Number of protein chains: 2
Amino acid sequence: MGSMARTTGSHSGITGPKIRTAALELFAKHGFAAVSMRQIASEVGVQAGALYNYTPDKQSLLFDLMQSHMTELLAALSDEDAAQPLEMLEQFVRFHIAFHHERPEAVFIAYMELRNLTPENFALIEDLRGQYENRLQNILIAGQASGAWTVKDAKIATFAVIAMLTGVNTWFRSEGRLSLSEVQDQYWQMVRSAVGG
Amino acid sequence: MGSMARTTGSHSGITGPKIRTAALELFAKHGFAAVSMRQIASEVGVQAGALYNYTPDKQSLLFDLMQSHMTELLAALSDEDAAQPLEMLEQFVRFHIAFHHERPEAVFIAYMELRNLTPENFALIEDLRGQYENRLQNILIAGQASGAWTVKDAKIATFAVIAMLTGVNTWFRSEGRLSLSEVQDQYWQMVRSAVGG
DNA sequence: GTCTATATTCTGATAGAC
DNA sequence: GTCTATCAGAATATAGAC
């Protein structure tokens, strides 16, 4: 606003995003309950009281991070229903691995901090997760109907595939022995075989 | 012994195990950092100070629970190396599902609270987990060598299979539509197909 | 072995100055 | 929008009586 320089605080105009980033990293590293508002403020470079200009409370901060993640996940998963079931399944497998690899902290929080949500917030996040799982389940059901594969129970296969794919985040590192696309290739081969395609 | 009745406290002679049980349930439900020593004591029926007759601190309580779980897991996994690879793999799949189903709280803690361990304790638990993973990896390598299946990378397949199997705990309930043995059957079929057996 | 009492530190959140 | 100061309560862990 053309005024003189301020003496303290961040005043950078991007405190909001910085709070979200700091909270994401700290919650992922130490867990929601183990992180204090003062720690988050310290990471951002402001005092604890300043956080409350951006979030009504700590719970809302957690919920917003999880909701954003799940919403982005659903938005990024394109639904090209015109494709063949086998192509749709392959697309899902490669997408899931790549998307989750790009945001390990958000993935970690979305799976680990569900029990720290209020019942209302928990229900909202679980609904979003259910929508995502349904996208895969619908692909598996379509492939059953078309005879593209032989999987017995689409519901079980949905859980199995998602657990298997999400597990990549626990061990895969870009700097390691394998490239992301090699990992995608091998998981796609395993998923394809597992459903009998 | 033989004295008059006491006025307060549990004095049941099994306070130690009760503390472990209460801590296991509370840590699984709310998370290690979110549970106080007072809550654990209240669940047991003693005052908080009494807990320190059984554990030097909260961290040791968590570590003991995780170490016990991993040790029992390794001990329960029999290694009948005489069997064929395909039989060994099937045995592993059915064992993993059944064992984890019987102790969901311990499994949950062993996966979720790793970040709340001190570096020294973390290394010890990770070593035990590595031993367990190696048991599966050795089976997969043996099957590669004998031509029992065609899986490309035994390391990746190990991670994929364990993640898939552990995921059962997130959705399977005994009271539901499927029995445990039906679930074991379907997961075994998926694993067998996934490795190309 | 458990109790009560306490030390010390930290917690989430708020009020009011600037 | 951020600061400082503060409230009210809860945390882990310990000391000493019984």
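Refer to the structure above for everything that follows.
What this report covers is the structure whose coordinates are included nearby. (Residues numbered from 1 in each chain as written. Chains lettered and ligands numbered in written order. Predicted model: local features only at pLDDT ≥ 70, side-chain atom pairs only at ≥ 80, totals over all residues. Heavy atoms only, no water.)

Quick notes on the overall build of chain A
Argument step 1. Along chain A, the regular secondary structure elements total 8 helices and 0 strands.
Argument step 2. Helices and strands in chain A line up, N terminus first, as α-α-α-α-α-α-α-α.
Argument step 3. Looking at the 197 residues of chain A, the share that counts as buried comes to 46%.
Argument step 4. Sequence-distant contacts, at least 24 apart, represent 68% of the contacts inside chain A between residues at least 6 apart.
Argument step 5. In the form shown here, chain A has an accessible surface area of approximately 9,900 Å², with 52% of it arising from carbon and sulfur atoms. (Helix = DSSP H or I, 4+ residues; strand = E, 2+ residues; numbered from the N terminus. Buried < 20%, exposed > 50% of the residue type's maximum accessible area, 1.4 Å probe, protein only. Contact = heavy atoms within 4.5 Å. Areas by Shrake-Rupley, 256 points an atom, 1.4 Å probe, with all protein chains shown as cover.)

Some remarks on the relation of the copies chain A and chain B
Argument step 1. Once chain A has been moved 0.0 Å along the axis and rotated by 180 degrees, it coincides with chain B to within an RMSD of 0.1 Å. The superposition of one copy onto the other is thereby described by a two-fold rotation axis.
Argument step 2. With an isologous cut-off of 70% or more, the 100% of interface residues of chain A that recur at the interface of chain B puts this contact in the isologous class. (Least-squares fit on C-alpha atoms with pLDDT ≥ 70 in both.)

A look at the packing of helix 3 (residues 58-76) of chain B against helix 5 (residues 104-112) of chain B
Residues and elements named next belong to chain B.
Argument step 1. It is at 9 Å that the axes of helix 3 and helix 5 come closest, and there the two elements cross at 110 degrees. It follows that helix 3 is roughly perpendicular to helix 5 by the angle criterion. In this structure, helix 3 meets helix 5 at a crossing whose hand is left-handed. Mapping the contact onto sequence places Leu62, Met66 and His69 in helix 3 and Ala106, Val107, Ile109 and Ala110 in helix 5. (Axes fitted to C-alpha atoms, helices over the stretch in contact; angles between N-to-C directions. Parallel < 35°, antiparallel > 145°, perpendicular 65-115°, else oblique. Left-handed = near helix turned anticlockwise from the far one by under 90°.)

Concerning the protein's contact with DNA strand D
Argument step 1. The environment of DNA strand D is formed by 19 residues, the closest being A:Thr15, A:Gln47, A:Asn53, A:Tyr54 and B:Arg38.
Argument step 2. For DNA strand D, the backbone makes up 67% of the atoms found within 4 Å of the protein, where backbone means sugar plus phosphate.
Argument step 3. The backbone of B:Met37 places a nitrogen or oxygen atom 3.0 Å from a phosphate oxygen of DNA strand D.
Argument step 4. The contact in question runs from a phosphate oxygen of DNA strand D to an N or O atom on the side chain of B:Tyr52, over 3.1 Å.
Argument step 5. Residues belonging to the surface near DNA strand D are distributed by class as follows: 6 nonpolar, 9 polar and 4 charged. (Near = heavy atom within 4 Å. Polar contact = N/O pair within 3.5 Å; in protein donor to acceptor, adjacent residues only side chain to side chain. Nonpolar A, V, L, I, M, F, W, Y, C, P; charged D, E, K, R; others polar.)

Just distances and angles here, no functional claims.
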